[in-house]
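In case you want the letters, here they are:
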Amino acid sequence: MQTITCHSDDHNSSRGSGLKIFALLALGIFLRFNAWAAAENTNAPPALAPGPNDGRIAYVTARLLEEYHYSQHPLDKEMSEKFFDGYLDSLDPQHLFFLKSDIAEFSHYRTNLDNLTINNRGIADLTPAFQIFERFLERLKQRVAYDEKLLKHDRFSLDTRQSVLLDRREAPYPKNLSEARRLWQERLVYDYLQEVLGRRISPTNSGVILPLPKSASKDIADKLTRHYHWQLHLFATWDNNDILQTYLNALTHAYDPHSDYLNVGHAQDFSIGMSLALFGIGAELRSEDGYCTIISLVAGGPAAKSKQIKPQDRIIAVAQGKQPPVDVVDMDISKIVQMIRGPKGTEVHLTVIPVDKPNSRHVVTLIRDEIKLEDQEAKAELIEMPDGHGATNRLGVIDLPSFYATVDLPGDNGDLSQKSTTADVKRLIKKLEQESVNGIILDLRNNGGGSLEEAVDFTGLFVTNGPVVLVRSPDGHVAVDQDTSTSALYRGPLVVLVNRFSASATEIVAGALQDYGRALIVGDTSTYGKGTVQNLNPLHPFIWSPDESTSNDPGTVKITIRKFYRISGASTQLKGVTPDIVLPDTLNASAEIGESSLPDAMPWDTIPRADYSALNLVEPYRSELRKLSDARVTTNQDFIYIRQDIDEFKKLQADKTASLNEQEALNQAEQNALRQKARDAERAQRKVPNEKIYEITLEDVNKRGLPPLLWPTNTMAVATNRATLRAGAVTRPVAPNALSTTPGLVAGLNNPATADPWLYETEHILEDYVSLMNTNEARPIIASH
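A short tour of the structure in this document, coming up. Along each chain, numbering runs from 1 in the same order as the chain's sequence is written. Only residues with pLDDT of at least 70 get local features here, since the model is predicted, and only at 80 or more are side-chain atom pairs given and counted; chain-wide, interface and lining totals rely on the full set of residues. Note that water and hydrogens are dropped before the side-chain values are worked out from all heavy atoms of the structure.

**Structural notes on the overall build of the protein**
A run of H or I in DSSP counts as a helix once it spans at least four residues, and a run of E counts as a strand once it spans at least two, with each numbered from the N terminus. Within the protein, the regular secondary structure consists of 20 helices and 27 strands. Each residue's exposure class comes from its accessible area (1.4 Å probe, protein chains only) as a fraction of the maximum for that residue type: buried when under 20%, exposed when over 50%, partly exposed otherwise. Of all 785 residues assigned to the protein, the portion counted as buried reaches 54%. Residue-level accessible areas treat just the shown protein chains as cover; the underlying method is Shrake-Rupley with a 1.4 Å probe. Looking at the protein as shown, the accessible area adds up to about 33900 Å², and 51% of this sits on carbon and sulfur atoms.

**Description of the pairing of strand 18 (residues 494–498)**
In terms of burial, strand 18 is largely enclosed, as five of its five residues are buried. Alternating residues of strand 18 divide into Leu494, Val496 and Val498 and Val495 and Leu497, and every residue in both groups is buried. Strand pairing is defined by DSSP finding a minimum of two bridges between the two strands. Here four bridges tie strand 14 (residues 439–443) to strand 18, and the two strands are oriented parallel to one another. Within strand 18, the residue paired with Ile441 across the bridge is Val495.

**Here's the deal with the sheet that holds strand 12 (residues 379–386)**
Here we have eight strands laid out as an open sheet, ordered 22-19-18-14-13-12-25-26, and mixed in their pairing. Edge positions in the open sheet fall to strand 22 (581–582) and strand 26 (709–711), since each of these has one partner strand only. Bridge count for strand 19 (residues 520–523) against strand 22 is two bridges, and the pairing is parallel. Paired with Val522 across the bridge in strand 22 is Ile581. Residue contacts are defined here by distance: any two heavy atoms, one from each residue, within 4.5 Å place the two residues in contact. Comment: axis = line fitted to C-alpha atoms, over the contacting stretch for helices; angle = value between 0 and 180 degrees taken between N-to-C directions. Where helix 14 (residues 505–515) meets the sheet, it contacts strand 14, strand 18 and strand 19, and its direction lies at approximately 140 degrees from that of strand 18.

**Focus on the pattern of salt bridges**
We count a salt bridge whenever a side-chain nitrogen from Lys or Arg sits within 4 Å of a carboxyl oxygen from Asp or Glu. One pass over the full model with this rule turns up 44 salt bridges. Put simply, Asp600 and Lys82 hold a salt bridge, and the shortest N to O gap is 3.1 Å. Within this pair, whereas Asp600 is found in the loop between strand 22 and strand 23 (613–614), its partner Lys82 is found in helix 2 (residues 77–91), the two being separated by 518 residues in sequence. Residues Asp700 and Lys703 are paired through a salt bridge, measuring 3.8 Å at the closest nitrogen-oxygen approach.

**Some remarks on the side chain of Asp756**
Relative to the assigned elements, Asp756 resides in the loop between helix 19 (752–755) and helix 20 (757–776). Since its relative accessible area comes to 1%, Asp756 is described here as buried. A distance of 3.2 Å separates a polar side-chain atom of Asp756 from the backbone nitrogen of Leu759. Any pair of N or O atoms that falls within 3.5 Å is considered a polar contact. Within protein, one atom must be able to donate a hydrogen and the other to accept it, and sequence-neighbouring residues count only if both atoms are side-chain atoms.

**Here we look at the environment of Lys419**
Summarising the element assignment, Lys419 is placed in the loop between strand 13 (392–399) and helix 12 (421–434). On a C-alpha basis, the gap between Lys419 and Met274 in space is 8.9 Å, while along the polypeptide they are 145 residues apart. Within the structure, the side chain of Lys419 is placed 2.7 Å from the side chain of Glu377, a separation counted as a polar contact. A polar atom in the side chain of Lys419 sits 3.0 Å from the side chain of Asp424.

**What to know about the nonpolar core**
In globular proteins that are soluble, nonpolar side chains generally tend to be buried together. Ranked by size, the top nonpolar core spans 76 residues in total, and within it Tyr87 and Leu539 carry the most contacts. Counting only elements with at least two residues in this core, the list comes to helix 1 (54–68), helix 2, helix 5 (127–153), helix 6 (177–200), helix 7 (216–236), helix 8 (240–255), strand 21 (556–565) and helix 17 (662–684). With 11 residues, helix 5 is the single largest residue contributor to this core. In terms of nonpolar packing, the next biggest core, distinct from the first, is built from 45 residues, Phe458, Ala505, Ala614 and Ile696 among them. Throughout this description, the term nonpolar core refers to a set of buried Ala, Val, Leu, Ile, Met, Phe, Trp, Tyr and Cys residues connected via side-chain atoms within 4.5 Å.

**Observations concerning the packing of aromatic side chains**
Here is the rule: rings of Phe, Tyr and Trp (six-membered ring for Trp) pair when centre to centre is within 6.5 Å. Planes less than 30 degrees apart are stacked, more than 60 are edge-to-face, and the remainder are tilted. Applying the stated rule across the entire model yields 17 aromatic pairs. Between the aromatic rings of Phe98 and Tyr173, the centroid separation amounts to 6.5 Å while the plane-to-plane angle is 70 degrees, which identifies the pairing as edge-to-face. Linking Phe98 in the loop between helix 2 and helix 3 (100–105) with Tyr173 in the loop between strand 2 (163–165) and helix 6, this pair joins segments that are 75 residues apart in sequence. Phe98 gets classed as buried once you look at its relative accessible area, which sits at 0%. On the basis of an interplanar angle of 35 degrees and a centroid distance of 4.6 Å, the ring pair of Phe156 and Tyr192 is categorised as tilted. Residue Phe156 is located in the loop between helix 5 and strand 2, and its partner Tyr192 is located in helix 6; the two are separated by 36 residues in the primary sequence. Accessibility assignment for this pair places Phe156 and Tyr192 in one class, buried. What links up through ring pairs into an aromatic cluster is the set Phe97, Phe98, Phe133, Phe136, Tyr173, Phe235 and Trp238. Only lysine NZ and arginine CZ atoms are considered, and such an atom sits over a ring when it is within 6 Å of the ring centre and within 35 degrees of the ring normal. Sitting over the face of the ring of Tyr228, Arg143 holds its NZ or CZ atom 6.0 Å from the ring centroid. The ring of Tyr291 carries the charged tip of Arg314 above its face, separated from the ring centre by 4.3 Å.

**Observations concerning the packing of helix 12 against helix 13 (residues 452–459)**
Where helix 12 meets helix 13, the axes come as close as 8 Å, and the angle between the chain directions of the two elements is 30 degrees. If you check the angle between helix 12 and helix 13, you find them roughly parallel. Contacts between helix 12 and helix 13 pair Thr421, Thr422 and Val425 from the former with Glu454, Asp457 and Phe458 from the latter. Three classes are used: nonpolar for Ala, Val, Leu, Ile, Met, Phe, Trp, Tyr, Cys and Pro, charged for Asp, Glu, Lys and Arg, and polar for all others, with Gly counted as polar. Here the residues of the contact of helix 12 with helix 13 are counted per class, giving two nonpolar, two polar and two charged. Orientation categories follow fixed angle ranges, with anything under 35 degrees roughly parallel, anything over 145 roughly antiparallel, 65 to 115 roughly perpendicular, and all other angles oblique.

**Quick notes on the pairing of strand 12**
For strand 12, a buried count of seven out of eight residues is recorded, marking the element as mostly surrounded by other parts of the structure. Pairing of strand 12 with strand 13, which is carried by eight bridges, proceeds in the antiparallel orientation. By the bridge assignment, Lys379 is partnered in strand 13 with Asp399. If you look at the hairpin formed by strand 12 and strand 13, you'll find five residues sitting between the two strands, and Gly388 has a positive phi there, around 85 degrees. Relative to strand 25 (residues 692–696), strand 12 is paired through five bridges, and the arrangement is antiparallel. The partner of Ala380 across the bridge, within strand 25, is Ile696.

If you want it as structure tokens, here you go:
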């Protein structure tokens, strides 16, 4: 059994094949492996040794990659070298821990991982995975001991002219332990300086430099010591599953960046992200000082309904059914989450320390149920704004975080509620049309993809019965995924807003709507550039185990099996989709964003175009729309600020070092703070746009009329929510030691234009589009291709 998907890690299915292909694309793999090998060793594995099925899991994973990966590349010496280097980098990406002598000692593995992984026994030799990890752990212990010694006995000089290289990914490994200690000391001084700056820079962003408290030196030393020991603890508690997960991901990533090995926990996380649902108690958890702390409760979930748990309570033990409790203090949070999740209708017992009674303990028994992640569903906004002629324009904005669809994994038993992006957006469009909107913006910023099948159906809401995407198999066969709808749901003016994080299934939608001439594309210089399709291959059918419990699930392999192409024949791989109108954004300047920044990404290419008829609803207006937008953007003060930030970011990106001089860092921070203060003062003087904004959720679509106004509002919480959500909550690149200069997070809270200048400009572009279409009354020009 497999599931196919297409995402910035996706799902999909070949139409007419009878298979439901979600964002990854399922393959029919009919391999069966002998059961004897997996059951060879029935003894409990020792610490830091492979589990009884681990060698078999690694072998099967490698064989599936050889057989079904798009490249059809065998696991040979070339792939062995990538596999070896990838595993080293996954443990030590900054080249701070392994010594050159360590690399030399393990060098015989570099070209032998192929033979060690695939052999006649059908069980991979995982010795390299565990030997290399143990050496990494040894070096990490040495670093923590060295840092702790320096923190106890040294005084740190912060008036130095030295700087630290922050990006050591391409730097050589240290020659010996002495050189490693020099690097560790530089990093420690940098961490120490950050703590000093955090105490000296005013939290109000006012540019005021505060004096350092007398206790600061000891407080900082204690904090950093705890931090380093916690990092060590996280790695020291790794088990065979953690090592196998990391090792096999290095193997899959040797083929391409989007193939993955997913152990049971990671596979469940993937399913949750696609299905927007899980089975659990409905609580958001976070690790704080080694304690599993409840951050928030999902309304209507078992935890909230019990009224025995509240935010900031701490969970110190977890028990399943009638089994004894397991102490979870200092346990990795992901492992605690896996213990608390479980099948619908089963019991879990939590030992809790209440936040208001820290000396008491009590056990809370909960029955697991389905938890729906409604905050990640599609939602809409209706915006009312004057049209400049005494009337009002009504615009719709549909915010779509992903192309979600239900994904069932082994053990789910089909209990999850069925979710469909297309069905949800269809309801929102009907609501917006009931409210007589003049045009719609599809906000697909930060949408990393999802179900390919949903992307095809979604496109069919705006075009009728035509090809949407071309999918090429390793053998060269090209399939056409076609919208089969007899009539488009929405035929009005349409704009799609994207950014550098819009990926995969999102690029299919944007590319198809652009090729048809159905929608105007607005945003960053390009989308992400992921043009590949993956499928989910559960390993359970291939790995026999006498224990069929979930805890012994061998996991799932996500494999890149196809490439997809726009109906024009161009791949979105590497290049993405180029908008018709490009807006300034610091993301445009980053060399670390996009498929092209990933190692071993597949190349861009083209295939013959599909047979389709363009609607030509954009070309007659594109030039004029671009001219009108450029005029606004050139003089818009927020975009002037953004262009300044782009120039600053380019300088910082070119210089990968940071000063270890406190005064230099304070001077830079003060300049940034004063600049931000001046910007905030200017923003505060602006006239607030004459807009009314209503947020429409799926719960609102069947209600009469509109919900209460989202804006204008005096509720700071709602304004903050709007500023972060409409901007996609993207952390934009800023300088080391610098304060954030992202627009809208201070003065912009009372101004939707400042809170999200990209969306605000897109609203104006849509207004222009509606006006031009109404003025010209141009009929669609059908162009055949």
